[in-house]
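Read off the chains here:
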Amino acid sequence: MIEVENLTKFYGPTPAIQDVSFAVEKGEILGFLGPNGAGKTTTMRILTCFMPPTSGRAMVGGLDVQKDPLKVRRKIGYMPETVPLYTDLVVGDYLAFVSRVKDVPVRDRGRKIDEVVEQCGLKEVRGRLIGRLSKGFRQRVGLAQALLSDPEVLILDEPTVGLDPKQIIEIRNLIRGLAGSRTIILSTHILPEVGMTCQRVVIIHKGRVVAVDTPANLTTQLQHSVQVHLAAKGPAEAIASRLRAVPGVVGVRAESPVNGASSFVIEAEKGRDVRAELASAVVEGGFGLIELRPLALSLEDIFIELVTKEEV
Amino acid sequence: MKNVAAICRRELSSYFASPVAYVVLMFFLLIAGWFFYAMMSYFSLISMQMMQQQFRGMMPLNVTEAVIRPLFGNLSVVFIFLLPALTMRTFSEEKKSGTIELLLSYPIRDGELVAGKYTATLILLLIMLAATAVYPLFVGWASGWSSPELGPLLSAYLGLLLMGASFLAFGLFASTLTENQIVSFVITLVTLLMFWVLGWAATFVGATAGAVVNHLSFIQHFENFAKGVIDTADLTYYLSFIAFFLFLTLRSLESKNWRA
């Protein structure tokens, strides 16, 4: 449905994205993950024909965004970051305006507007000025306008930013409910979001694609070693040297002390459980073992690992 | 066409939802009313004096010449200061608030966008002009419908409309250049003033250059309309001015495609 090939965009001499390539299948939810300034918004702006790429190609539904911008825009529902809306319009009037410019047929307009108002939970604020709405409601108005013309493709730039936890869950469920019939690209810098909503993840950092995979695959792929968290009473160096001597331990990293206890993150060889050995090493050394627990590699770690690897 | 109407409607509802339209209209009518009152009072004073001095038979004073024409001349100057306030927000505000990004993600052509916004400002201009119709109507009522002469009045209105439309076209263009409304306002105001006073140079730059400068200036062309003369040269001047700056507006919008 969406194909992006070697997309590059320069702002003056600074590259915003370089050689970005990925593809999204029909009905898929793709997560676009990266820290602020990674190039997520730039990529999305190119896809929505807001600006052309310096080089490379982006296709939406088989149409080139540079050659057929009008047709591409008909297929797309876009929700920009921090949803810019006309603050001096009433929600209902705004949606009516959007339905007109988005070519919703006259006889369907009323029904379609009712539908998105219902979907996005805007019933109570329909008659209110957008400028007076809370951030959460504005965000929903932004989503509502993106959904209005039943677009095949939804491009959502940080859709859950600034919402309270309850609203975030609602919006996520809404987005998940849209999958299947629509192709969705969703950008975020919040990791758990991707794991919860997306089938595939593109991790982008400093304008380059660092990884493309399913959240599950990324997790296993990165579990090349097992990490254990350990806290013990006693001098940090002495404990660390004892821990290093345990067979199977690849690395020991001192963390900041917790409640007066030295704490460490210990990395062990893949597939080897060293917890028992670690415990006895600490106890035999005469230090008081306080805590010992395995660390699961969350998507957050993957993200940090991936993006920091780039920098080294 | 549907998109043009939708954008125009949206623009107008923004104008009327914010104080912009009301403030511009109210202050325009305030100053127009003052001009009319001052000129009318002066006119009746002079008429009174002439009657007392038995000049009656010589040359009757003409309301069209003495009140309507200078009134319209003054209104055209007022436009230079007020119309930039209508156009300054058109694109600047959308750029500043970011709404342009969303607007351009809809299937709208740049041409439709410009046409819609321009039409909205034109409608406001028409409302302003229509509101000034009270003054000629008052003169007509007071004179038992013998004056003002309809022909010159309509031609003066046409001149004012064309000039206002030219100002709006330039203002629209200036608004695409910046996301700062004040910058857009100042660019428009000063450029329009320059076009206005350009004619002054005609007297000292020599015959050929003088003719060019005179032709470029707003004053000369407006004078003809105010006199009741509709010359194709003047019509062409205003229409080409409008077309030129609407064209530049479009180009300026497109420039986002190649500007880094």
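Quantities reported herein were computed from a predicted structural model and do not represent experimental measurements.

Peer 1: Would you mind showing me how to read the overall build of chain B here?
Peer 2: The helix and strand inventory of chain B stands at 12 helices and zero strands. Listing every helix and strand of chain B by position from the N terminus yields α-α-α-α-α-α-α-α-α-α-α-α. Taken along the three principal axes of its C-alpha coordinates, chain B extends 75 × 45 × 30 Å. Counting across all 260 residues of chain B, residues that qualify as buried make up 39%. Put simply, of all contacts in chain B between residues at least 6 apart along the chain, 77% involve residues at least 24 apart.

Peer 1: How do you make sense of the domain arrangement of chain A when you look at a structure like this?
Peer 2: Much of the literature gives interface size as the accessible area that the parts lose upon coming together. Structurally, chain A comprises domain 1 (2-220) and domain 2 (224-296). Computed from C-alpha atoms alone, the centre-to-centre distance between domain 1 of chain A and domain 2 of chain A is 45 Å.

Peer 1: Would you mind going over the packing of helix 8 (residues 150-177) of chain B against helix 11 (residues 218-227) of chain B with me for this structure?
Peer 2: Helix-helix packing: each pair is described by the crossing angle between the helix axes and the interaxial distance. Residues and elements named next belong to chain B. Put simply, helix 8 and helix 11 touch, their axes get as near as 6 Å, and they point 155° apart. Classified by the angle between their axes, helix 8 and helix 11 sit roughly antiparallel to one another. Residues P152, S155, A156, L158, G159 and M163 of helix 8 touch helix 11, and the partners they reach there are F218, F222, F225, A226 and K227. Classifying every residue of the contact of helix 8 with helix 11 gives eight nonpolar, two polar and one charged.

Peer 1: Any chance you could explain unusual backbone geometry here in plain terms?
Peer 2: The general pattern is negative phi for most residues beyond glycine and trans for most peptide bonds. Residue and element names in this part refer to chain A. Even without a glycine there, the phi angle at T82 is positive, about 45°. With respect to the secondary-structure elements, T82 resides in the loop between strand 6 (76-79) and helix 3 (91-101). We classify T82 as partly exposed; it has 14 C-beta atoms within 10 Å. We note that E158 has phi near 50°; this positive angle belongs to a residue other than glycine. Overall, the presence of 23 C-beta atoms within 10 Å leaves E158 in the buried class.

Peer 1: Can you walk me through the sheet that holds strand 6 of chain A in this structure?
Peer 2: Two pairing modes exist for strands in a sheet, parallel and antiparallel, and in both the strands are linked by backbone hydrogen bonds. All names here are of chain A. The strand order across the open sheet formed by six strands is 6-7-8-3-9-10, and the pairing between neighbours is mixed. Both outer strands of the open sheet, strand 6 and strand 10 (208-213), are each paired with one neighbouring strand and no more. Neighbour-to-neighbour, the strand axes of this sheet turn through a mean angle of 15°, independent of strand direction. On top of the sheet, helix 1 (residues 40-47) reaches strand 3 (29-33), strand 7 (153-157), strand 8 (183-188) and strand 9 (200-205); it is set at about 150° to strand 7, its chief contact. Sheet strands in contact with helix 5 (residues 135-147) are strand 6 and strand 7, and its direction is about 170° off that of strand 6.

Peer 1: Could you clarify how one ought to interpret the packing of helix 3 of chain A against helix 4 (residues 106-119) of chain A in this entry?
Peer 2: Residue and element names in this part refer to chain A. Interhelical geometry of helix 3 versus helix 4 gives an angle of 125° and a closest axis separation of 10 Å. Here helix 3 lies oblique to helix 4, going by the angle between them. Considering the relative orientation of helix 3 and helix 4, their crossing is right-handed. Side by side, helix 3 and helix 4 meet where L95, A96 and S99 of the first sit next to R109, K112, I113 and V116 of the second. Among the residues forming the contact of helix 3 with helix 4, the class breakdown is four nonpolar, one polar and two charged.

Basis of the calculations
- Residues numbered from 1 in each chain as written.
- Chains lettered and ligands numbered in written order.
- Predicted model: local features only at pLDDT ≥ 70, side-chain atom pairs only at ≥ 80, totals over all residues.
- Helix = DSSP H or I, 4+ residues; strand = E, 2+ residues; numbered from the N terminus.
- Buried ≥ 20, exposed ≤ 12 C-beta atoms within 10 Å, placed from the backbone.
- Contact = placed C-beta atoms within 7 Å.
- Domains from an automatic or database assignment.
- Axes fitted to C-alpha atoms, helices over the stretch in contact; angles between N-to-C directions.
- Parallel < 35°, antiparallel > 145°, perpendicular 65-115°, else oblique.
- Nonpolar A, V, L, I, M, F, W, Y, C, P; charged D, E, K, R; others polar.
- Pairing = 2+ DSSP bridges.
- Left-handed = near helix turned anticlockwise from the far one by under 90°.

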